[in-house]
Amino acid sequence: QLPGGPPSLRPPELPCGSEMHIGGVRVSVSFIVFRWGAAKIPIKYDSHSWGRAEGSTVSAKFMQLFFNRAVVPRLGWDYEVLSVFIQHSDEFAGISPGFLASLCNGRTIV
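Residues numbered from 1 in each chain as written. Predicted model: local features only at pLDDT ≥ 70, side-chain atom pairs only at ≥ 80, totals over all residues. Heavy atoms only, no water.

Undergrad: Is there a simple way to think about the sheet that holds strand S2 (residues 79–86) in this case?
TA: Strand pairing in a sheet relies on backbone hydrogen bonds, with the paired strands running either antiparallel or parallel. One open sheet accounts for 3 strands, arranged S2-S1-S3; its pairing is parallel. Bordering the open sheet on either side are S2 and strand S3 (106–109), each of which pairs with just one other strand. Taken pair by pair, the neighbouring strands of this sheet meet at an average axis angle of 30°, ignoring direction. Of the strand pairs in this sheet, strand S1 (residues 27–36) and S3 are connected by 3 bridges, and their pairing is parallel. By the bridge assignment for S3, Ser30 is matched with Ile109. (Pairing = 2+ DSSP bridges. Helix = DSSP H or I, 4+ residues; strand = E, 2+ residues; numbered from the N terminus. Axes fitted to C-alpha atoms, helices over the stretch in contact; angles between N-to-C directions.)

Written out as structure tokens, the structure reads:
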């Protein structure tokens with residue numbers, strides 16, 4: 001029997017880069033990204049402090065530029081990103097590395 005069960009019971013293969021809420025396809029690398037702030041509250045920054053093009057390291061703009069300029073040219077779309085939003089440093093103590101790793105589909109986790 002093939003891994004994952006009979007062909008009729010296996011989920012369809014989706015192209016890498018697809019957003020999947022359960023399961024997922026195997027990718028080369030899973031990135032676990034820790035970001036400051038609440039998931040639905042945008043991070044504000046001024047261009048004088050952080051630069052007009054890049055934004056702060058916690059901003060969506062910075063993340064987009066990082067992956068588009070550094071990751072995609074090397075891996076293509078063969079990766080996934082798990083974002084963990086932290087509002088206070090005390091929250092780090094409650095994070096289970098094993099649980100985060102269990103959510104990842106990458107052959108390598110960074």
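Undergrad: Would you mind going over the nonpolar core with me for this structure?
TA: If you look at the biggest cluster of nonpolar residues, it comprises 8 residues: Val29, Phe31, Val33, Met63, Phe67, Val71, Val72 and Tyr79. Counting residues per element, the ones that place at least two in this core are S1 and helix H2 (60–75). Broken down by element, this core gets its largest block of residues, 4 residues, from H2. If near-sequence neighbours (up to four positions away) are discounted, Phe67 is found in contact with Phe31, Val33, Val72, Pro73, Tyr79 and Val81. Of all hydrophobic cores here, the second largest spans 5 residues; its members include Ile32, Ile86, Leu100 and Cys104. (Core = buried A, V, L, I, M, F, W, Y, C linked by side-chain atoms within 4.5 Å. Buried < 20%, exposed > 50% of the residue type's maximum accessible area, 1.4 Å probe, protein only. Contact = heavy atoms within 4.5 Å.)

Undergrad: Explain the pattern of salt bridges here, please?
TA: Side-chain pairing between opposite charges can occur once the charged atoms of the two side chains come close. With the rule as written, the count across this model stands at 1 salt bridge. Across the pair Arg107 and Asp78 runs a salt bridge, and its minimum N-O distance is 3.6 Å. With Arg107 in strand S3 and Asp78 in the loop between H2 and S2, this residue pair connects regions lying 29 residues apart in the sequence. (Salt bridge = Lys/Arg side-chain N within 4 Å of Asp/Glu carboxyl O.)

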